[in-house]
There are 4 protein chains.
Amino acid sequence: MTENSEFPIVHLISAPENPLKTIYLACRTCYSAEYPYKIREKDTDPEKMLKLVKKVLQSGHHSTIEHCQYTFTISGVTRACTHQLVRHRHMSFSQKSQRYVTEKGQFEYITPSTVKNSGLQQQYDALMAEIAGFYDRMIEQGIPAEDARFVLPNAATSSLVTSLNLREMIHLANLRLCVNAQHEIRKLIQKMCGLVVEKEPWLGEYLVAKCEKSRYCDEIRGCGKFPQQVK
Amino acid sequence: MTENSEFPIVHLISAPENPLKTIYLACRTCYSAEYPYKIREKDTDPEKMLKLVKKVLQSGHHSTIEHCQYTFTISGVTRACTHQLVRHRHMSFSQKSQRYVTEKGQFEYITPSTVKNSGLQQQYDALMAEIAGFYDRMIEQGIPAEDARFVLPNAATSSLVTSLNLREMIHLANLRLCVNAQHEIRKLIQKMCGLVVEKEPWLGEYLVAKCEKSRYCDEIRGCGKFPQQVK
Amino acid sequence: MTENSEFPIVHLISAPENPLKTIYLACRTCYSAEYPYKIREKDTDPEKMLKLVKKVLQSGHHSTIEHCQYTFTISGVTRACTHQLVRHRHMSFSQKSQRYVTEKGQFEYITPSTVKNSGLQQQYDALMAEIAGFYDRMIEQGIPAEDARFVLPNAATSSLVTSLNLREMIHLANLRLCVNAQHEIRKLIQKMCGLVVEKEPWLGEYLVAKCEKSRYCDEIRGCGKFPQQVK
Amino acid sequence: MTENSEFPIVHLISAPENPLKTIYLACRTCYSAEYPYKIREKDTDPEKMLKLVKKVLQSGHHSTIEHCQYTFTISGVTRACTHQLVRHRHMSFSQKSQRYVTEKGQFEYITPSTVKNSGLQQQYDALMAEIAGFYDRMIEQGIPAEDARFVLPNAATSSLVTSLNLREMIHLANLRLCVNAQHEIRKLIQKMCGLVVEKEPWLGEYLVAKCEKSRYCDEIRGCGKFPQQVK
C-alpha cells in the first residue's frame, strides 16, 4: 500500500448524541443557580447555546468539553505512526499486539510517497518481501511471535480502537495538523477530525492547526503561512 | 435537607449505546489479525462477547474498558463531598462556582443523620440560618461572592456535571463503596453505579467495594465482612 | 488571620538539583545520536544549554520539562482555595483530612481583605466563634469529626504537601497569576513560583500569567494590560 | 548486540534525597493537626517513620508516594520495547526521534536470545545489514529520515530520558515483572527497580510482580508460582 492509497482506514464508531447541548449544560452548571437536570429539561435555542459555548471556549475554559468522547477504529497505519500516536496520554488505546498476533503470511506495509517518487519502490518492495520471508521462517522454526517481530519494519501496519474527548481532540488537531507533523499522522488526524466535523460542522473552527488559532507560528522552522513568533 | 432525603439527585445523561460490543471490539482488536471495522460489522453472539470480556477483565487488562464513558448530573451534594470527589483525577468536572453564582436568598445545605439523631437539628438549623443571614448581608454591602462565600459551610450544596470512563468508575466503586468511605460520597457512588447497572446488569459484579473482588480487607480498620490482610 | 497576614505559609521542600542540565539532556536525547548518559557526562557550557532549552520551550516542546519535579508544603490556605487547587489533575496532593483530624479547640480561619475593609470584621469573627463553639459541642456530644465538619466554613484553613512538575507549574502560573484568578490562589501561586525562581532565575520568564506570553487577553473581562482577543 | 549483552544501559540520574521522610511527611499531613513544615523540622526516628509508611501503603493510600520522582536515562532498548513503555501514561518521556536523527552508518539493533539459540543469528545479521544498506541508500538519495526509517526494524535501538513517581514505579513493577511480560521490558524494569532498591532497600518489597503482593495469579496463563485466581 502506498501513502496515496485509501489508508489509513478510519471509522468513527461512537460520538456524543448532542455535544452542543452537553457542553452548554456544563457551562451553565458552572455559572447558574439552577440544578443541572432542570437546565437540561429546558428546550434551549441552538443559536443561544452555540453563542455561550463559543464564548466559553474562547476564554480557554476547556474542561467543559471533556464530557464529549469520540471512539474511532483505525487500520492501515504504520507502527511508526502509532508510536507517535500513543504518546498522547489523554487518549485511550486498544492496539493489535505483535506479541500475540502473528503476521505470518499476511504482513502488510505502507510505502511513503517520497520512496515511490524516488524510483526506489521496487527495491523497497523487494526488501519488504525478504523481511516477510525471514519472519515467516522464524515463526516456522518455533521462534515466538514476540521475538520474530524484531525484524518487522516501522512500515508494518497496525490496527487500533482509540477514544478521546473533545478537549484532547482539539489539542491533537492543534499539534498534528501543522505541516511539520509527520505526513501520516497528519493524514490520520485530518480523517478523524473530518468525521467529527461532518457530524458537527460548528467544531470545524476548533479542529485546526495551532497557528490558525494563534495567528502566529511557534515552530522552529515555519511554513510561512503565519509570522514566526519573535520574543 | 437531611441525609435521609432524596439527595443527592443523580441523573445519568449519557451512556455508551452498546458497551459490551465496544469492549469486545477493543479486546478482539488486540488479539486478532482482522481490521477492527470488519470485526465490528459481524453480528457476534452476546454470550460469546460476554465470555471474552469477562476473561479479559479478570486478567486485569482494563484499558479495554476506557472506551465507554458515562456522564452524570449531580445536585444536592455538599462541598465536603465534592472536595473529595474532585480528587479523582481521571474524571472530568464542571461544577457550580461559588465565585460566580451568588447564594443570596437561596443557600441550601445538608444535615448529617448523626446530627439529626443527636437532637441537635434545631441548633444546627439556627446556625445555618445565621450563616445565611450574614452571607446575604455581606452581598448586600457589596462584598464579592468569592469573598462572601468564606462563611459558607461544608454543608452547603453544590451541583456538577461529571464524566468518567468505565475503568475509573470501577476504581471509584472499589474505593468509595467501602464502609469506611464518607457516607455521603458512598451514597452518591451507589446511585451512580445503580444507574449504570440498571442499563447493563452484567457490570454489577465489577461495580463493588474492593474487598468484594479481592475477598480480603486492606483497610486499617475493617468492617469484619472479609478477613484483614496480614502480610 | 487576615488575608494581609503571612498566610499562606509555603515552603519548597524538594527541587531538582540542576534542572537546566536535566532539561538540556532531555532535549538533546530527542535530537542526537549519542547515548544520553554520555551526553550527561560532558561538561556543557550553561549558556549553550540555556540557549537550546529556551528555543525548545518556545517551540512548545514542553514534555522535556516534565523531568523536573517540585514539592511544597502549604499551610494556612482556606478550603475554598484548596477546592480549586485540587482541580489541577497533573498535581499530587496529600491534604489534611477534616474527617480524621478534629478541629476541636483549634479551628483557624482566614478573613478576606474585602471583609476587613468593609467594617464587618467584628461580626465575621463573632460568626466564626459561634461556628467553632457549635463544632466543639458536636464533637463533645460524640458526633464524628466527618459530620461535625459540615458546619465548618470555606474560610477554615487546611494544610497540604503537593508536588508538580515544571510543565504543570508553568500551566498553573499561566492560569492562576491572571488578575481574574481568586486572590488567595493567586497569592499562593505567586509564593510557589517565587521560591522556584529564587533558585532558578532563568525560569522567571515562563512562570507568568498567560497574557504575558501571548501578549493578548483571552478572558471574558480583561484587566486592560493587553488587548482582548478578537476573532 | 544480543539480549545477553549489557543492554539496556540504564542510569538513575535523579532520585529524591530522603523519600522515607517525604512520604512520612505526606502521611502525617493527612492525619495531623500540625503544620507540615513543623512536622518536617522534627527529627523523627526512621523506624517510626517506616512503620507508619508501611501501614499507609498496605492500606492502599498510594497518593502519598507520588511526591517521590525518579529520572532515568535508558539506551540500547528496541523500539519494540519503547512502544510498550510509552503506553504508561503516568510516565514522562523524552525519546530519540527517528524523524530528526538519521541512523545512517550507525544503525544498532538487538538480537533476541531465541534467535541466537535457534541458529538463525547469521541470517538475522545479514538481513539487518541489508536493511542498513538500503536505509543509507535512501538517505543518500535525499529521502527524508522520517520516511527512510520506514524500513528500520523493531529491533533498532532507541534512547530515552524517563521520569516517573514511586506510585507509577510500583505499578510498573507489578505488571512488568510478571513472567508473561515481554523479556526485554522485564529486564529493563528489573534494572530500573534494582537501581532504586540499591538506594532504598526498604522499597524492595513493593517493587515486585503483582502476584508477590496478592499471593495469587490473575494472568490467563500463569507460571505456577501462585494459584490461579478462581472466581
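Residues numbered from 1 in each chain as written. Chains lettered and ligands numbered in written order. Predicted model: local features only at pLDDT ≥ 70, side-chain atom pairs only at ≥ 80, totals over all residues.

Things to note about the overall build of chain A
Scanning chain A from N- to C-terminus turns up 10 helices and 4 strands. When its helices and strands are written in sequence order, chain A yields β-α-α-α-β-α-β-α-α-α-β-α-α-α. Relative to the 2.2 N^0.38 estimate, which gives 17 Å for 231 residues, the radius of gyration of chain A is 22 Å and therefore markedly larger than a compact globule would have. Out of the 231 residues in chain A, the part that is buried amounts to 45%. Pairs at least 24 apart in sequence give 76% of the contacts found in chain A among residues at least 6 apart. (Helix = DSSP H or I, 4+ residues; strand = E, 2+ residues; numbered from the N terminus. Rg over C-alpha atoms; globule rule 2.2 N^0.38 Å. Buried ≥ 20, exposed ≤ 12 C-beta atoms within 10 Å, placed from the backbone. Contact = placed C-beta atoms within 7 Å.)

Topic: the relation of the copies chain A and chain B
Once chain A has been moved 0.0 Å along the axis and rotated by 180 degrees, it coincides with chain B to within an RMSD of 0.0 Å. What we have between these two chains is a two-fold relation. In terms of C-alpha distance to the rotation axis, chain A has Gln69(A) as its closest residue, with the C-alpha 3.5 Å off the axis. Here 100% of the interface residues in chain A have copies in chain B that are interface residues too; the copies meet face to matching face. (Least-squares fit on C-alpha atoms with pLDDT ≥ 70 in both.)

Remarks on the interface of chain A and chain B
Of the residues lining the interface, 38 residues belong to chain A; the matching set on chain B comes to 38 residues. Put simply, the parts of the chain that give the side of chain A that touches chain B at least two residues each are strand 1 (9–14), helix 1 (19–31), helix 2 (36–41), strand 2 (69–78), strand 3 (92–95) and strand 4 (157–165) of chain A. Counted by class, the side of chain A that touches chain B contains 16 nonpolar, 19 polar and 3 charged residues. (Nonpolar A, V, L, I, M, F, W, Y, C, P; charged D, E, K, R; others polar.)

Some remarks on the relation of the copies chain C and chain D
Placing chain C over chain D gives an RMSD of 0.0 Å and needs a rotation angle of 180 degrees, together with 0.0 Å of translation along the axis. Interface overlap between copies is the fraction of interface residues in one copy that are interface residues in the other; for chain C against chain D it reaches 100%, indicating a shared surface.

Some details on the interface of chain C and chain D
The interface of chain C with chain D comprises 38 residues on the first partner and 38 residues on the second. Counting only elements with at least two residues in the side of chain C that touches chain D, the list comes to strand 1 (9–14), helix 1 (19–31), helix 2 (36–41), strand 2 (69–78), strand 3 (92–95) and strand 4 (157–165) of chain C. In terms of residue count, helix 1 of chain C provides more of the side of chain C that touches chain D than any other element does, 6 residues in total. Residues of the side of chain C that touches chain D, tallied by class, amount to 16 nonpolar, 19 polar and 3 charged.

Structural notes on the packing of helix 8 (residues 166–176) of chain D against helix 9 (residues 183–199) of chain D
Residues and elements named next belong to chain D. Relative orientation of the contacting elements helix 8 and helix 9 amounts to 140 degrees, with a least axis distance of 10 Å. Accordingly, the angle class assigned to the pair helix 8 and helix 9 is oblique. Regarding helix 8 and helix 9, the two cross each other, and that crossing is left-handed. On helix 9, the residues that touch Met 169, Leu 172, Ala 173 and Arg 176 of helix 8 are Ile 185, Arg 186, Ile 189, Cys 193 and Val 196. Broken down by class, the residue content of the contact of helix 8 with helix 9 amounts to 7 nonpolar, no polar and 2 charged. (Axes fitted to C-alpha atoms, helices over the stretch in contact; angles between N-to-C directions. Parallel < 35°, antiparallel > 145°, perpendicular 65-115°, else oblique. Left-handed = near helix turned anticlockwise from the far one by under 90°.)

Describing the pairing of strand 3 of chain C
All names here are of chain C. Neither face of strand 3 is exposed, since Ser 92 and Ser 94 on one face and Phe 93 and Gln 95 on the opposite face are all buried. Where strand 3 lies against strand 4, 4 bridges are found, and the strand directions are antiparallel. Paired with Phe 93 across the bridge in strand 4 is Thr 162. (Pairing = 2+ DSSP bridges.)

Some words on unusual backbone geometry
Glycine aside, the phi torsion of most residues is negative, and most peptide linkages are trans. Residue and element names in this part refer to chain B. Pro 8 follows Phe 7 through a cis peptide bond whose omega is -10 degrees. Within the secondary structure, Pro 8 is located in the segment before strand 1 (9–14). Here the phi dihedral of Arg 215 falls at roughly 65 degrees; this positive angle occurs in a residue that is not glycine. The topology assignment puts Arg 215 in the segment after helix 10 (210–214). Judged by the 12 C-beta atoms lying within 10 Å of it, Arg 215 is exposed.

Digging into the nonpolar core
Among the nonpolar cores identified, the biggest contains 234 residues, and Met169(A), Met169(B), Met169(C) and Met169(D) are the most heavily contacted of them. Ignoring any residue separated from it by four or fewer positions in sequence, one finds Met169(C) in contact with Tyr70(C), Leu164(C), Val196(C) and Leu207(C). (Core = buried A, V, L, I, M, F, W, Y, C linked by C-beta atoms within 7 Å.)

What about helix 8 (residues 166–176) of chain B?
Residue and element names in this part refer to chain B. Summarising burial for helix 8: 8 of the 11 residues are buried, a large majority. Listed as buried for helix 8 are Leu 166, Glu 168, Met 169, Ile 170, Leu 172, Ala 173, Asn 174 and Arg 176. Residues of helix 8 that are buried sit in contact with helix 1 (19–31), strand 2 (69–78), strand 4 (157–165), helix 9 (183–199) and helix 10.

Topic: the sheet that holds strand 4 of chain C
All names here are of chain C. In spatial order, the strands read 1-2-4-3; together these 4 strands make up an open sheet with antiparallel pairing. Both outer strands of the open sheet, strand 1 and strand 3, are each paired with one neighbouring strand and no more. Across the sheet, the mean angle from the axis of one strand to that of its neighbour is 20 degrees, orientation sign disregarded. When strand 2 meets strand 4, the two strands line up antiparallel, connected through 9 bridges. Looking at the pairing, Thr 71 lines up with Ser 163 of strand 4. Its contacts with the sheet put helix 8 (residues 166–176) on strand 2 and strand 4, and the angle it makes with strand 4 is roughly 125 degrees.

Some thoughts on the packing of helix 1 of chain C against helix 3 (residues 46–58) of chain C
Residue and element names in this part refer to chain C. Look at helix 1 against helix 3: their axes get within 9 Å of each other, and the N-to-C directions meet at 60 degrees. As the angle between them shows, helix 1 and helix 3 are arranged oblique. Crossing of helix 1 against helix 3: the hand is left-handed. In this structure, helix 1 uses Leu 20, Lys 21, Ile 23, Tyr 24 and Cys 27 to contact helix 3, whose residues at the interface are Pro 46, Met 49, Leu 50, Leu 52, Val 53 and Val 56. Of the residues contributing to the contact of helix 1 with helix 3, the split by class is 10 nonpolar, no polar and 1 charged.

Details of the environment of Tyr70(A)
Residues and elements named next belong to chain A. As for its position among the elements, Tyr 70 is in strand 2. Sequence-wise, Tyr 70 and Met 192 are 122 residues apart; in three dimensions their C-alpha atoms are separated by 9.6 Å. For Tyr 70, the contacting residues outside a window of four places in its chain are Leu 12, Ser 14, Ala 15, Ser 163, Leu 164, Met 169 and Val 196.

Looking at helix 9 of chain B
Residues and elements named next belong to chain B. With 17 residues, helix 9 extends 25 Å from end C-alpha to end C-alpha; this agrees with the ideal 24 Å at 1.5 Å per step. Where helix 9 is concerned, the buried positions are Glu 184, Ile 185, Leu 188, Ile 189, Met 192, Cys 193 and Val 196. Angularly, the buried residues of helix 9 cover 165 degrees about the axis, an arc narrow enough to put them on a single face. Turning to helix 9, the residues buried within the fold contact strand 1, strand 2, helix 4 (79–85) and helix 8. (Expected span 1.5 Å × (residues − 1). Arc of directions from axis to C-beta.)

A short note on the sheet that holds strand 1 (residues 9–14) of chain D
Residues and elements named next belong to chain D. The strand order 1-2-4-3 describes an open sheet built from 4 strands, whose pairing is antiparallel. Every interior strand has two partners, whereas the edge strands, strand 1 and strand 3 (92–95), have only one. Averaged over neighbouring strand pairs, the angle between their axes works out to 20 degrees when direction is ignored. Here helix 8 sits on the sheet in contact with strand 2 (69–78) and strand 4 (157–165), set at roughly 125 degrees to strand 4.

Quick word on the environment of Asp218(C)
Looking at where Asp218(C) falls in the secondary structure, it is placed in the segment after helix 10 (210–214). Filtering out sequence-adjacent residues up to four positions away, Asp218(C) remains in contact with Gln58(A), Ser59(A), Gly60(A) and Gln229(C).

What to know about the confidence of the model for chain A
Residue-level pLDDT values for chain A average 94, and 97% of them are 70 or greater. Scoring of the predicted complex yields 0.96 for pTM and 0.94 for ipTM. (pLDDT = per-residue confidence, 0-100.)

Things to note about the pairing of strand 4 of chain C
With respect to burial, strand 4 of chain C is a largely interior element, 9 of its 9 residues being buried. Residues Thr157(C), Ser159(C), Val161(C), Ser163(C) and Asn165(C) line one face of strand 4 of chain C and the alternating positions Ser158(C), Leu160(C), Thr162(C) and Leu164(C) line the opposite face, and both faces are buried.

Focus on the environment of Val196(C)
Residue and element names in this part refer to chain C. With respect to the helices and strands, the residue Val 196 is situated in helix 9 (residues 183–199). When the C-alpha atoms of Val 196 and Met 169 are compared, they prove to be 9.7 Å apart, with 27 residues separating the residues in sequence. Residue contacts for Val 196: discarding those within four places in its chain leaves Leu 12, Tyr 70, Met 169, Leu 203 and Leu 207.

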